[in-house]
Amino acid sequence: MSAVASPLPRPRRQLPLRRWWPVAIIALVVLAAILAPWLAPYDPNAQNLAGRLKPPGTVSRSFHYWLGSDELGRDLLSRIIHGARVSLIVAFASVILSGTVGTVLGMIAGYRRGLVETAVMRVVDIFLSIPAVLLAIITVAVLGPSLVNVIMVLALTRWPRYARVAYSQTLSVATMPYVRLAALMGAGSGRILFRHILPNIIGGVSVVATLEFGLMVLFEAGLSFLGLGVQPPTASWGAMLSTGRNYVATAWWAATLPGLCLFVLVLAVNLTGDAVRDRLDPRFR
Amino acid sequence: MQGFLLRRTGQALVTILGVVTLIFFVQRLTGDPTYLLVPETATKADVEALRHALGFDRPLLVQYLDFLADLARFDLGQSVVQRVPVLTIIASRLPYTLMLAAGALVVACGIGVPMGILLAVFRDRPIAKAASGIVLAAQSMPTFWSGILMILVFSVLLGWLPPSSTGDFSHLIMPSFALGLLSMATFARITRSALLDELSKDYARTARSRGVRTGRLLLRHVARNASIPLITVAALEISNLLAGAVIVETVFAWPGIGQVTVQAILARDFMIVQGVVLMGAFVTVLLNLLSDVLYSIIDPRIVLEGTR
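Predicted, not measured: the structure shown is a model, and the values here were computed from it.

What follows is about the overall build of chain A. Helix and strand content of chain A: 10 helices and two strands. In sequence order, the secondary structure elements of chain A are arranged as α-α-β-β-α-α-α-α-α-α-α-α. When each of the 285 residues of chain A is scored for burial, the buried share is 50%. Within chain A, contacts between residues at least 6 apart in sequence are counted, and of these 71% link residues at least 24 apart. Carbon and sulfur atoms make up 68% of the accessible area of chain A, which totals about 13,000 Å². Separation between the mean location of the 25 positive side-chain charges and that of the 11 negative ones in chain A comes to 8 Å.

This is how it looks when you write it as structure tokens:
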């Protein structure tokens, strides 16, 4: 299991990323989310009760449903474009929040050792022993569902993942001669942590962050699917799936298409995450 | 060995105490947990009465000790809506969730482990490339979406399988696959990396140079050593399956614990939600303990390492 025992290393790739299309898909989704009000053909919440659950390509009143309509006659394409916003905002914000909190705590635990180390790592163990989905569910049940609360809940449940990685990497970096030298020369803990240790562990942390990003997209959709995410009428892919599944026998598009978007986005993020990992952390293969 | 078991059990108990404390504080994130338990139409007097009845007006420390004492007696409280002990409700639904989790585990291991072997043995060949594509797709598939797709294809279009609820074995097939796919990906990845690690070690190379065939090498030489990371993952995955059941049970109207949880959230029946979360955490801690014990049986060096 040690790095020495791994088979012969492959030649280092020249390009930073093996495939370009996952990055292109992510860029496309980000662009759609930013430009949603201009890209979406209709208001995502505009109802048209005469055009309920119409298949893709139907024209009803002033609407032309390229991807069909939902149970209130809202344009599915517009809702999917706007739904990208919720997915990305939640995933970005929760990854940044939990990543910052987890990394800082993990670094402090790994550098300070002693009581701080025991306290932080025990709390990490406790958090990791509650299944994340369940912890998220109970916290949203207490706080009440909303965009901000979903972000807070995901940050609260996911920071231990970063803390573990930051902790174990700090442990090894902290023994390096240059860190000891910095301490000898009178650098304070803050300076050592952020100037000398952080740049050396950020690679491992960003590997976790990219892999977590896809998971956060799925978590947000899952919470929305259960009615614990962003509240209606705001468009969210998970919530669209949830209502769409009631019509799966008569209107396949209502649930299938938002799900396809989720799947493609998460697939692209995971592929990018794997590439980032191959690049930054040769120990994993 | 006994010291090892005792130490690990002690650690598990500390973790459980921590989990309980965490849940206690989560419950009080908004200040007063009474509001979680009353219907939205309750008057101020109702809230007052319930707060007093449940003891939420006592000092925090007293409430905390009381909470611990209840849990020590396996008392998870009473459902506010149904007026039935939470433990009774969970016990009546648990068999369904266990059945589903078992089915998912069969899918996850039964497909994931052979897939991982394939990935490790045929590294870089087309067959491994195809398999890794499948693994990656399974990993990126939201369970609720794969569930809906399966209903669409196998129930609505083909009419082969019942779309929801329970009954004979055929009802179990789609939910098991929906729940097991994500874990399948994890099992495949871990099997692959564990096998690759072991196959590159000296003993494996020696065996191969002496002409041991691949099948025998995997079964007789490598399997035991490679199984350790697999056991860790299995322990983690079982608790993930229990949590994932919340969504899959909703999709397939499967009457297990997950469905109860979702219904409880909608009905503002907080005690049930809390009971399920506590149970999920206990099961996770227990499984981790079990996997530690299993390690020490498979690899006796682990016990010695701890006693340094």
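Following the structure, the description resumes.
As a further point, take helix H8 (residues 170-199) of chain B. Helix geometry: H8 of chain B is bent most strongly at Leu181 of chain B, by close to 40°. The buried fraction of H8 of chain B is high, at 22 of 30 residues.

The interface of chain B with chain A comprises 53 residues on the first partner and 45 residues on the second. Across the chain B/chain A interface, buried area totals approximately 4,400 Å², and carbon plus sulfur atoms make up 76% of it. Inspection of the chain B/chain A interface yields zero salt bridges. Between chain B and chain A we count four residue pairs in polar contact (both at pLDDT 80 or more) in total. Residue assignment for the side of chain B that touches chain A shows that the elements contributing at least two residues are helix H1 (2-27), helix H6 (126-140), helix H7 (143-157), H8, helix H10 (214-252), helix H11 (257-266) and helix H12 (270-298) of chain B. Here the residues of the side of chain B that touches chain A sort into 32 nonpolar, 14 polar and seven charged.

Predicted confidence across chain A gives a mean pLDDT of 83, with 92% of residues reaching 70 or more. Per-element mean pLDDT across chain A ranges from 75 in strand S1 (residues 58-60) of chain A up to 91 in helix H3 (residues 76-112) of chain A.

Turning our attention to a nonpolar patch on the surface. On the surface, a cluster of nonpolar side chains totalling about 560 Å² of accessible area is made up of Leu31, Ile34, Leu35, Trp38 and Leu39 of chain A. Those elements giving two or more residues to the nonpolar patch turn out to be helix H1 (21-34) and helix H2 (36-39) of chain A.

Residue and element names in this part refer to chain B. If you check helix H4 (residues 60-72), its first and last C-alpha atoms are 18 Å apart, about what 13 residues at 1.5 Å a residue would give, namely 18 Å. Every buried residue of H4 is listed here: Gln63, Tyr64, Phe67 and Leu71. Mapping the buried residues of H4 onto a view down its axis gives an arc of 100°, with all of them on the same face. Looking at H4, the residues exposed on the side facing more than 90 degrees away from the buried face are Leu61 and Ala72. Its buried side turned inward, H4 meets H1 and H12. Downstream of H4 by one or two residues, Phe74 has phi in the positive range, about 60°.

Calculation rules
Residues numbered from 1 in each chain as written. Chains lettered and ligands numbered in written order. Predicted model: local features only at pLDDT ≥ 70, side-chain atom pairs only at ≥ 80, totals over all residues. Heavy atoms only, no water. Helix = DSSP H or I, 4+ residues; strand = E, 2+ residues; numbered from the N terminus. Buried < 20%, exposed > 50% of the residue type's maximum accessible area, 1.4 Å probe, protein only. Contact = heavy atoms within 4.5 Å. Areas by Shrake-Rupley, 256 points an atom, 1.4 Å probe, with all protein chains shown as cover. Lys, Arg positive; Asp, Glu negative; His and termini not counted. Charge placed at Lys NZ, Arg CZ, Asp CG, Glu CD. Bend = angle between axes of the 7 residues up to and from the residue. Buried area = accessible area lost by both parts, 1.4 Å probe. Salt bridge = Lys/Arg side-chain N within 4 Å of Asp/Glu carboxyl O. Polar contact = N/O pair within 3.5 Å; in protein donor to acceptor, adjacent residues only side chain to side chain. Nonpolar A, V, L, I, M, F, W, Y, C, P; charged D, E, K, R; others polar. pLDDT = per-residue confidence, 0-100. Patch = residues over 30% accessible without salt bridge, like charges linked within 9 Å, V, L, I, M, F, W, Y side chains within 5 Å. Expected span 1.5 Å × (residues − 1). Arc of directions from axis to C-beta.

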